[in-house]
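Below are the chains, spelled out letter by letter.
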Amino acid sequence: APTSFAQSMSMPLATGGPDDFGYTYDDTVPVSWISATIDSGVSGDESRSFPPLDIGFSFPFYGFNHAQLSIHTNGFLTFDPISDCCFFEALPIPSAAAPNNYIAPFWEDLVVGAPFNSGAIYYERGGVAPDRYLVVEWRDVTTFLGSDPFSFEVILYENGNILTQLQSLPASYYSTIGIENNAGE
């Protein structure tokens, strides 16, 4: 029997895509957690990595190659320079509003480290060319409004693949998970 619109809206699809650049998603991929070990030093509320972090290889994203990225405490990373301010509210995708050119493994109003929690953002590079990767892990972070600590990560692969993994989640949240190109599409 056909599924009604209301039923289909309540049941997210396990796979989807591709978009115009070939990106797809697959929620059936098993979690294979990589615990990153290098503290990025990014902490606080509304903070980002500065200077940007070297990826360690040329990462292809929406037709452009990137050597650096900025990590934001609010659960996303971007390939464009952004200010520390004003990205606490997770926007729907797509949105022409800043930020653009980003990967959001869990964009939410988050806080990282003292005085908020014991959390930190770690990273780790691994692999050998042409199979290198970069892991960015938000570990034991909390929402700005208060939550139990939770952890998630994104892994960027040299071939352009992106893997987002959620190790744990807060009881209540409003997040954006996905990718957006430099035009906000």
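Please refer to the structure placed before this passage.
Cut-offs applied
- Residues numbered from 1 in each chain as written.
- Predicted model: local features only at pLDDT ≥ 70, side-chain atom pairs only at ≥ 80, totals over all residues.
- Heavy atoms only, no water.
- Patch = residues over 30% accessible without salt bridge, like charges linked within 9 Å, V, L, I, M, F, W, Y side chains within 5 Å.
- Areas by Shrake-Rupley, 256 points an atom, 1.4 Å probe, with all protein chains shown as cover.
- Salt bridge = Lys/Arg side-chain N within 4 Å of Asp/Glu carboxyl O.
- Helix = DSSP H or I, 4+ residues; strand = E, 2+ residues; numbered from the N terminus.
- Buried < 20%, exposed > 50% of the residue type's maximum accessible area, 1.4 Å probe, protein only.
- Phe/Tyr/Trp six-rings, centres within 6.5 Å; stacked < 30°, edge-to-face > 60°.
- Pairing = 2+ DSSP bridges.
- Axes fitted to C-alpha atoms, helices over the stretch in contact; angles between N-to-C directions.
- Contact = heavy atoms within 4.5 Å.

Colleague: Quick question: what am I supposed to make of a nonpolar patch on the surface here?
Modeller: Where nonpolar side chains cluster on the molecular surface, the patch consists of L166, L169, Y173 and I177 and spans about 340 Å² of accessible area. Counting through the fold element by element, I177 comes out in strand β14 (residues 176–180).

Colleague: Where do I start with the pattern of salt bridges in this structure?
Modeller: Where side chains of opposite charge bring their charged atoms close, a pairing between them can arise. Evaluation of the coordinates by the stated rule reveals two salt bridges. Ionic pairing is found between R139 and E137, a salt bridge with its closest N-O pair at 2.8 Å. Accessibility expressed as a relative area gives 1% for E137, which makes it buried.

Colleague: Looking at this structure, how should I read the packing of aromatic side chains?
Modeller: Think of a pair of aromatic rings as described by two things: how far the centres are apart, and how the planes are tilted against each other in angle. Across all of its chains, the model carries 16 aromatic pairs by this definition. Centre to centre, the rings of F76 and W107 are 4.9 Å apart; their planes meet at 50°, and the pair counts as tilted. Taken as a pair, F76 in strand β7 (residues 76–78) and W107 in strand β8 (residues 102–107) lie far apart in primary sequence, 31 residues in all. Each member of the pair F76 and W107 is classed as buried. Between F106 and Y173, the ring centres sit 5.2 Å apart and the planes meet at 55°, which makes this aromatic pair tilted. On the criterion of sequence distance, the pair formed by F106 in strand β8 and Y173 in the loop between β13 (162–166) and β14 is long-range, its members being 67 residues apart. Exposure remark for F106: the relative accessible area of 0% places this residue in the buried category. Classification of Y173 by relative accessible area gives partly exposed; the value is 40%.

Colleague: Explain the environment of V135 to me, please; I cannot follow it from the model alone.
Modeller: Among the secondary structure elements, V135 is positioned in strand β11 (residues 133–143). Between the C-alpha atoms of V135 and T24, which are 111 residues apart in sequence, the distance is 20 Å.

Colleague: Whenever I open this one, the pairing of strand β6 (residues 64–72) confuses me. Can you help?
Modeller: Moving residue by residue along a regular strand, the side chains alternate between the two faces of the sheet. Sheet topology note: the strand β5 (residues 53–61)/β6 ladder contains five bridges and is antiparallel. Note on β6: the bridge partner recorded for F59 is H66. Between the antiparallel neighbours β5 and β6 lie two residues, among them Y62 with a positive phi of about 50°. Sheet analysis places β6 next to β7, joined by three bridges and oriented antiparallel. By the bridge assignment for β7, I71 is matched with L77. Connecting the antiparallel pair β6 and β7 is a turn made up of three residues, with G75 showing a positive phi of about 85°.

Colleague: Explain the sheet that holds β14 to me, please; I cannot follow it from the model alone.
Modeller: Picture the strands of a sheet paired through backbone hydrogen bonds; they go either parallel or antiparallel. Read across the sheet, five strands follow the order β5-β6-β7-β8-β14 without closing on themselves; strand pairing throughout is antiparallel. Among the strands making up the open sheet, the edge pair consists of β5 and β14. Between one strand axis and the next, the sheet turns by 25° as a mean value, whatever way the strands run.

Colleague: For this particular structure, what's the right way to read the side chain of N74?
Modeller: Secondary-structure assignment places N74 in the loop between β6 and β7. Sequence-distant contacts of N74, that is, excluding residues within four places in its chain, are made with E46, F87, F88, F106, W107, E108, D109 and L110.

Colleague: Please clarify how the environment of F61 should be interpreted in this entry.
Modeller: Locating F61 in the fold gives a position in strand β5. Residue class for F61 comes out buried when judged on its relative accessible area of 0%. On a C-alpha basis, the gap between F61 and I103 in space is 9.7 Å, while along the polypeptide they are 42 residues apart. Not counting chain neighbours up to four residues away, the residues in contact with F61 comprise Y23, H66, F79, N101, Y102, I103, I162, I179 and E180.

Colleague: Explain the pairing of strand β12 (residues 150–157) to me, please; I cannot follow it from the model alone.
Modeller: The buried fraction of β12 amounts to seven of the eight residues, a majority that puts the element mostly inside the structure. For β11 and β12, the ladder comprises seven bridges, and the chain directions are antiparallel. Its bridge partner lying in β12, Y133 is registered against Y157. With five bridges connecting them, β12 and β13 associate as antiparallel partners.

Function cannot be inferred from these measures alone, as they are strictly geometric.
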